[in-house]
Amino acid sequence: MEKTTTGTVAAGTDVGYDLDIVKMFFTATVVWALVGMLVGVIIALQLAWWPANLGLPWTTFGRLRPLHTNAVIFAFGGNVVFTGIYHSTQRLLRTRMFSDTLSRVHFWGWQSIIVLAAVTLPLGMTQSKEYAELIWPIDVLITVVWVVFGVNFFGTLARRKVQHLYVAIWFYMSFVITIAVLHIVNSLAVPATWFRSYPVYSGLTDALVQWWYGHNAVGFFLTTPFLGLMYYYLPRAAERPVYSYRLSIIHFWALVFLYIWAGPHHLLYSALPDWAQTLGMVFSVMLIAPSWGGMLNGLLTLRGAWDRVRTDPILKFMVVAVSFYGMSTFEGPMMSIRAVNGLAHYTNWVIGHVHSGALGWVGMISFGMLYWMVQNIWKRPLAHPTWASHHFWLATIGIVLYTVSMWAAGLMEGLQWRALNDAGQLANPIFVDITARLNPFLWIRLLGGAMYLTGAVMMAVNFWQTIRGPERPAAEPVPVAAD
Amino acid sequence: MSKDTNRLLGHADEADGIDEYDNPLPDWWVGLFWFTVLWAVGYGLWYHVIGDRSQARRLSEEMTAAEARWPAQAEALAAAAADFAVTAEAVAAGEAVFQQNCVVCHGQNLEGGIGPTFLDDEWLHGGQAKDILTTITQGVPAKGMIPWGGILSPEQINQVAAYVITKNSEATGRPLGDILGSGEDAVPDPSGSAGDPVG
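The structure displayed is predicted, hence computed values, not measured ones.

Draft legend 1. Quick look at the confidence of the model for chain A. Residues and elements named next belong to chain A. Residues of chain A with pLDDT of at least 70 account for 95%, and the chain-wide mean is 93. Low confidence marks residues 1-10, where pLDDT is under 50. Its contacts with residues over four positions away, or in another chain, come to 29 contacts. Scored below 50 in pLDDT, residues 479-483 makes 16 contacts in the model with residues more than four places away or belonging to other chains.

Next up, the structure:
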């Protein structure tokens, strides 16, 4: 039995939750995390040292890069969210999932989508839409599996044994609904063959729909569900009440309302009409406070638990995650300001920004959740408590190396591309010269990414040995690994 | 955070034991939110109404400023074209320009590679001196040839053209005068070796 203390009352009685499905998603999460991050390290090596492309079409950067993004976002990110949702939703609504069968159809459907992606992308089958590369038959499968998930999730909601819907559930709902809308609208296409299709949009409309989708994939796949996870697992791990219910309501509605308009900031200085560019820019800036609302509620929930943050790796992961969330949700709006975007766009700064969110926020909150969960679901103490701390430091230093090197590289690129000499000519006329100068930064980035991957490998080994280890005696209090 | 009530809402039994405080929104957070909202409205009004800004206007402003600061590129090119001449100094200087910028595609000895060779009779974009100058200056972006007009100075373009023309003449035996052209299009050949105008 999980139990809670300090400012909370005893958790609901055991109603026969389906923990097997949670364990299945948990396992898939760890496996895909390693795969996705390994491919990331490989393509980082390819950028620093081109022979790593191997001279084979299937292993070139152009094909492995979408494999990396799909694997970390939809395979790792997707499975980690499903792990948390299937666990916390049952407990928060005090009911078993609506249908065990649908749960399993969802699980195996999602894993088969990932495998199909891992086969088709290296073969060069793509729709060429960023984060929506998968060809139309896989898109159809995603839709079917998502509907299965949606029915299962809302069915559970309908059968809930509580009246009050906890804030995490709101975030999950926004995730299920919005991702369905985004995926279907952006993927509308007319099939030509089994492997090829033509989008129903053309030209500028296509670009606008694509970035409406692309930006909200960040917003509703990598932000709202993870905020939901934070709202459940952070107070559980800290054993503290949430700082402000009111703040959670206001920042939730502000976030979901404002996010959906921000996509055009990906198309500044393009053929998009000026008014639409302005819209994307100002909605991005207005997102700062709603995003920080989540950060504040996370950090302030830890009031009274800061002594434990120093020693408990789970809370350390969560604090760093929430801090990176706050940092990247400030950086993003700044980069969407026209003048800043003119400098930053198309440079490695964007890659650094994405990874401060992905490695810092999504990765770290996931690790915190997984370390908490492995001990609570399998009811075992961590096999190597100190490894969790090593993982934390490897990941944190890895992120710093990654983002700082990419900021430096991006600023250098942006400034050198536009620099003029005294005669009004380009100061760096040969593009490839600037590219060559990036090399030291690309090696530092590779080092940062490799450290992050090493930490994840340690986590996987730790989990493996924990799960195979002896069960914790029932009397022993829950988690908190020692440092 | 002095306004914090730290009063529990008592939802814990409905939320798996997680309770929530009824704390008010932090003032600075509310202030930040209002500031960004007002800024958004103000910026929109300034950009589209008061300042009447647009991408197109920004481009034309930047181009006007550039024209004022640097002599118009077209005039400079026209003036440079008039200066074109195949002299020993120009060829020597042109070789240096070629070695630094052109060998990657056109080869160490003009034998070609990614780009075509300059050692045969075939000129894909015109074999007259004026054509060659135009090709270098404007490039053939569709085929990967960079427009060097914004990169090399007009003088450097003249020099590298003189070098290429001289080497081509040596390799193919085509008279220099043939390449330099005749009539209105003719480019003066200071060596005087170009005798008969060839149509």
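Draft legend 2. Region of interest: the packing of helix H1 (residues 19-48) of chain A against helix H3 (residues 100-120) of chain A. Residue and element names in this part refer to chain A. Two numbers describe how H1 lies on H3: the axes approach to 10 Å, and their chain directions differ by 10 degrees. Accordingly, the angle class assigned to the pair H1 and H3 is roughly parallel. Both H1 and H3 take part in a crossing whose hand is left-handed. Where H1 abuts H3, its residues Ile 21, Met 24, Phe 25, Ala 28 and Trp 32 lie against Ser 103, Arg 104, Phe 107, Gln 111 and Ile 114. In terms of residue class, the contact of H1 with H3 is built from 7 nonpolar, 2 polar and 1 charged.

Draft legend 3. Quick look at helix H4 (residues 136-158) of chain A. All names here are of chain A. Across its 23 residues, H4 extends 32 Å between first and last C-alpha, which sits within 8% of the 33 Å expected from 1.5 Å per residue. Every buried residue belonging to H4 is among Trp 136, Ile 138, Asp 139, Ile 142, Val 148, Phe 149, Asn 152, Phe 153 and Thr 156, and all of these are buried. Buried residues belonging to H4 abut helix H2 (61-93), H3, helix H5 (167-187), strand S1 (189-191) and strand S2 (197-199).

Draft legend 4. Examining the environment of His 125 of chain B more closely. All names here are of chain B. With respect to the helices and strands, the residue His 125 is situated in the loop between helix H5 (103-106) and helix H6 (129-138). Measuring from C-alpha to C-alpha, the distance between His 125 and Ala 142 comes to 13 Å, with 17 residues separating the pair along the chain. When neighbours within four sequence positions are excluded, His 125 is seen to be in contact with Asp 131, Thr 135 and Val 140.

Parameters at a glance
Within any chain, residue numbers begin from 1 and follow the written order of that chain's sequence. Here every chain gets a letter starting at A, and every ligand a number starting at 1, in the order they are written. Two thresholds apply to this predicted model, a pLDDT of at least 70 for residue-level local features and 80 or more for giving and counting side-chain atom pairs, whereas whole-chain, interface and lining totals are computed over all residues. Across the chain, each position has a pLDDT score giving the predictor's confidence in that residue, from 0 to 100. The contact criterion used is a C-beta to C-beta distance within 7 Å, with each C-beta placed from the backbone. All axes are obtained by fitting lines to C-alpha atoms, using only the stretch in contact for helices, and the reported angles, taken between N-to-C directions, cover 0 to 180 degrees. To qualify as a helix, a DSSP run of H or I must reach at least 4 residues; to qualify as a strand, a run of E must reach at least 2; elements of each kind are numbered from the N terminus. Any angle that falls under 35 degrees is termed roughly parallel, while one over 145 is termed roughly antiparallel, one within 65 to 115 roughly perpendicular, and all others oblique. Take the far helix as your reference; a near helix turned counterclockwise from it by less than a right angle gives a left-handed crossing, and one turned clockwise gives a right-handed crossing. Each residue is assigned to one class: nonpolar for Ala, Val, Leu, Ile, Met, Phe, Trp, Tyr, Cys and Pro, charged for Asp, Glu, Lys and Arg, and polar for all the others, Gly among them. Residue count minus one, scaled by 1.5 Å, sets the expected span of a helix. Here a residue counts as buried when 20 or more other C-beta atoms sit within 10 Å of its C-beta, as exposed when there are 12 or fewer, and as partly exposed otherwise, the C-beta atoms being derived from the backbone.

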